[in-house]
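Structural overview
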Amino acid sequence: MNGHRMVCRLKLHEGAIVAAFSLLYLCCIAAPTSFGDDAEAARIRARVKAVPMNEKVKLTNDQWRRILTPAQFFVMREAGTEPPFKNEYWNNHEKGIYLCAACGNELFSSNTKFESGTGWPSFYQPLAKDKIVILADNTGGMKRQEVRCARCGSHLGHVFNDGPPPTHLRYCLNSVSLKLKATKGSVGVVDSEGIQPGLWRCQRAHRPILKIITV
Ligand SMILES: [Zn+2]
């Protein structure tokens, strides 16, 4: 019974954190910013584009603010979280490569995307180990592993150890941190429940991580 109460309390706690993040997200993206497609933004974008893909992208916060949308800046540069089920890719079944929305780094393939039931796009492995970096994240009273783009340091989401085979990892990412480069002519196969046939469904969303993950 005590164990059950603890689980319920934990779930309520996590639910409150997600709700708080969602509220903060709405406040931040509604706030007026200097975002705009002005000449300075175009100059910074051209500078980022000119950096070879095997080199790091380093900009100041002010420069990131100019070229990212308010929602992207909040998630990618301030480690915010977008609301579940109200984002672009959580239920997207198009084939292609998911790029970092800030720097264009190729991060995840649609071949490793699965239905997690969390409301966020979820993958069981990155395209390559060196595409991302994993950092310990103890904010919000939870011990989690943060996922960042290895090229520009932008926050992508978190990784948990309750994913499907073959890795048993769940990279739970924010849609605003990603940009899908769709394979030409890809539509995606979806069954009557909106779930790709044969895909694994996570029944234990938001379960805290049980061990340190190394990738
Ligand atoms: Zn990046």
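Rules used in this analysis
Residues numbered from 1 in each chain as written. Predicted model: local features only at pLDDT ≥ 70, side-chain atom pairs only at ≥ 80, totals over all residues. Helix = DSSP H or I, 4+ residues; strand = E, 2+ residues; numbered from the N terminus. Buried ≥ 20, exposed ≤ 12 C-beta atoms within 10 Å, placed from the backbone. Contact = placed C-beta atoms within 7 Å. Pairing = 2+ DSSP bridges. Axes fitted to C-alpha atoms, helices over the stretch in contact; angles between N-to-C directions. pLDDT = per-residue confidence, 0-100. Core = buried A, V, L, I, M, F, W, Y, C linked by C-beta atoms within 7 Å.

Next up on the list: the overall build of the protein chain. Helix and strand counts for the protein chain stand at 4 helices and 9 strands. Listing each helix as α and each strand as β along the protein chain from the N terminus yields α-α-α-α-β-β-β-β-β-β-β-β-β. Here the protein chain, with 215 residues, has 29% of them falling under the buried criterion. If you take every contact in the protein chain between residues at least 6 apart in sequence, the share linking residues at least 24 apart comes to 65%.

This part is about the pairing of strand β1 (residues 96–100). Examined bridge by bridge, β1 and strand β9 (residues 178–182) share 5 bridges and lie antiparallel to one another. Bridge pairing in β9 places cysteine 100 opposite leucine 178. The pairing of β1 with strand β2 (residues 106–109) spans 3 bridges and is antiparallel. Considered in β2, the bridge of isoleucine 97 is made with serine 109.

Overall, antiparallel pairing links the 6 strands, which are arranged β3-β4-β8-β7-β6-β5 in an open sheet. For this open sheet the edge positions go to β3 (113–114) and β5 (132–137), each flanked by a neighbour on one side alone. The pairing of β5 with strand β6 (residues 144–149) spans 6 bridges and is classified as antiparallel. Residue pairing for β6: leucine 135 is matched across the bridge by glutamate 146.

Moving on, we come to the sheet that holds β9. Spatially, 3 strands are ordered β2-β1-β9 in an open sheet, and the strand pairing comes out antiparallel. Since the sheet does not close on itself, it has two edges, and those belong to β2 and β9, each with one partner. For this sheet, the mean inter-axis angle between neighbouring strands, taken without regard to orientation, is 35°.

Further remarks concern helix α4 (residues 70–77). Because an α-helix packs 3.6 residues into every turn, residues spaced three or four apart end up facing the same way. Counted residue by residue, α4 has 6 buried out of 8 residues, so it is predominantly covered. Positioned one or two residues after α4, alanine 79 has a phi angle of 55°, which is positive.

For the rest of this paragraph, the subject is the confidence of the model for the protein chain. In regions of low pLDDT, the predicted coordinates are not meant to be interpreted in detail. On average, residues of the protein chain carry a pLDDT of 81, and 69% of them reach 70 or more. Counted against residues more than four places away or in other chains, residues 32–36, with its pLDDT under 50, gives 9 contacts. Low pLDDT, under 50, characterises residues 189–215; the predicted model gives this stretch 45 contacts beyond four residues in sequence or across chains.

We now examine the nonpolar core. Among the nonpolar cores identified, the biggest contains 37 residues, and Cys100, Ala102, Cys149, Tyr171 and Leu173 are the most heavily contacted of them. Listed by contribution, the elements that provide at least two residues to this core are α3 (61–67), α4, β1, β2, β6, β7 (155–160), β8 (170–173) and β9. If we ignore the near neighbours within four places in the chain, the residues touching cysteine 149 are Cys100, Ala102, Cys103, Asn105, Leu107, Ile132, Ser154 and Leu156.

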